[in-house]
Each structure stands twice: as C-alpha cells, then as structure tokens.
Amino acid sequence: MTETIRARAVLLDMDGTLVDSTAVVERLWLAWAEPHGIDPEHVLSVVHGRQGHQSMSIMLPERDHAINLRENDEMLATETNDVDGVIEISGAKALLLALRPYPHAIVTSANVALMTARMQAAGLTVPALAVTAESVSASKPDPEGFLLGAKTLGVDPADCIVFEDSGAGIQAGLAAGMRVVGVGEHAAAHSPTYLVDDLTQVAVVATGDGFALAID
C-alpha cells in the first residue's frame, strides 16, 4: 500500500542511504581497531552514522580525545583515497534528480572531501546544500546537523523528511522533530517513522503547493 507524505524539504544522509560504502567503512575501521583489541562486533555496532572521533571515544573512552581528533583526520584522508566498492544505493540517482526543483540537502558525518569522493564514486551529484562534519560541533545522534539543514533551507523541522539508515542518524532525525524514512534492513531496529528497503520505493510527486513523497 502506497503512503503519501507531505513535506517541504528532504534531508538525506549519505553513507548507507545514498551510497553503499559498507565494505570500505568496515574494512578500514576493523583494521584501525585490531591493534586495540576491540571486538569486531562492537566496532561495527558503533562506527556507522557517527563522526570518526566520536566512534573512537566510544570504543576507547579513557583515551585523550586529542588523539582521537588526530587519528580521525588520518582516517578521513584514508577513506577519501579508498572508494573501492562504493556504489549507489538503488534509486538514489533518480531520487536526487526528482528532488532538484525542491528544497533538499545532504546531512552527513563525512567531511567535504570524503562526501565528494564517495558521491562521485557512486555516480551521484552532490546537492547545492550539504551539511558536513565541518558544519557542526556535534555528531549524530545529536540533531544539530539536521536542524542546521532545515534552518538553512528556511523550513520548519516538522515539515522536513529525513532519509537515514543508521541508529545514530535515525535518532538524530527524530530528536530534531522530523519524520524519518529508514533505509535498508538495519534501519527497522531503530524505529523510524517509515521504512523502505531502498530508494526505488520512493517517488517525488508534485503538488499544487510543493511536493509529496509516495512510499511503496
């Protein structure tokens, strides 16, 4: 059954939502964690959706955060140069194209360089507005990034729809007072407002005063 959602703006996460970067993310983070003896399952439960320095502080809570910030810079550079296996999430290109006439933005924990590298690797065009790691003081699950995206677009948070795949991202969208479309099999565990397997289940429908999203 198709659900129709009225909205004035769309805010899209990148990793796991627009691009599938799971292979490279997990490969590099497991390699980082191995010398620290951190359980791989714990690593994979933490790293998705957050800025790297926050993931490090969760996994190594006693460590000086200055070390996390330095190693996060190194990790971002490594990730930017390694896009092997990064591909489009099904339906992402079509959704971005359909959203062009309407207010929308990327809200990602990646920095500009990493966002650009992964979007290009997946064959996707970066929207005119992107809220990146450089734009915020707090990482998801803090709602700062989504609230900044809504403010910049001039849209009330309640009128925004968020697309997210990770627990941290879904929590951030809901905390911002927005409705959240969970993308992918892991999103269901985090109670998004709506749920899709991928973006082929989403269509943008023009209305008299803007647009709506039709979700199959």
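Higher on the page you've got the structure.
Here the structure is a predicted model, which means the values were calculated and not measured.

Undergrad: What is the right way to read the packing of helix H4 (residues 65-80) against helix H6 (residues 112-121) from this model?
TA: Packed helices, taken two at a time, are described by their axes: the angle between them and the distance between them. Look at H4 against H6: their axes get within 9 Å of each other, and the N-to-C directions meet at 20°. When the interaxial angle is binned, H4 and H6 end up roughly parallel. Relative to H6, the crossing made by H4 is left-handed. Side by side, H4 and H6 meet where Leu76, Glu79 and Thr80 of the first sit next to Ala113, Leu114, Ala117 and Arg118 of the second. A per-class count over the contact of H4 with H6 returns four nonpolar, one polar and two charged.

Undergrad: Quick question: what am I supposed to make of the pattern of salt bridges here?
TA: Where charged atoms from two side chains of opposite charge come close, those side chains can pair. Counted according to the given criterion, the structure contains eight salt bridges. Asp13 serves as the salt-bridge partner of Lys140, at 3.0 Å between the closest nitrogen and oxygen. On the criterion of sequence distance, the pair formed by Lys140 in the loop between strand E6 (130-131) and helix H7 (144-153) and Asp13 in the loop between strand E2 (9-12) and strand E3 (19-20) is long-range, its members being 127 residues apart. The pair formed by Lys140 and Asp13 is uniform in burial state, with each residue classed as buried. Arg63 is paired through a salt bridge with Glu71; the nearest N and O atoms lie 3.1 Å apart. Judged by its relative accessible area of 19%, Glu71 falls in the buried class. Each of Asp13, Lys140 and Glu164 takes part in a single network of salt bridges with overlapping partners.

What counts, and where the lines are drawn
- Residues numbered from 1 in each chain as written.
- Predicted model: local features only at pLDDT ≥ 70, side-chain atom pairs only at ≥ 80, totals over all residues.
- Heavy atoms only, no water.
- Axes fitted to C-alpha atoms, helices over the stretch in contact; angles between N-to-C directions.
- Helix = DSSP H or I, 4+ residues; strand = E, 2+ residues; numbered from the N terminus.
- Parallel < 35°, antiparallel > 145°, perpendicular 65-115°, else oblique.
- Left-handed = near helix turned anticlockwise from the far one by under 90°.
- Contact = heavy atoms within 4.5 Å.
- Nonpolar A, V, L, I, M, F, W, Y, C, P; charged D, E, K, R; others polar.
- Salt bridge = Lys/Arg side-chain N within 4 Å of Asp/Glu carboxyl O.
- Buried < 20%, exposed > 50% of the residue type's maximum accessible area, 1.4 Å probe, protein only.

None of this, on its own, says anything about what the molecule does.
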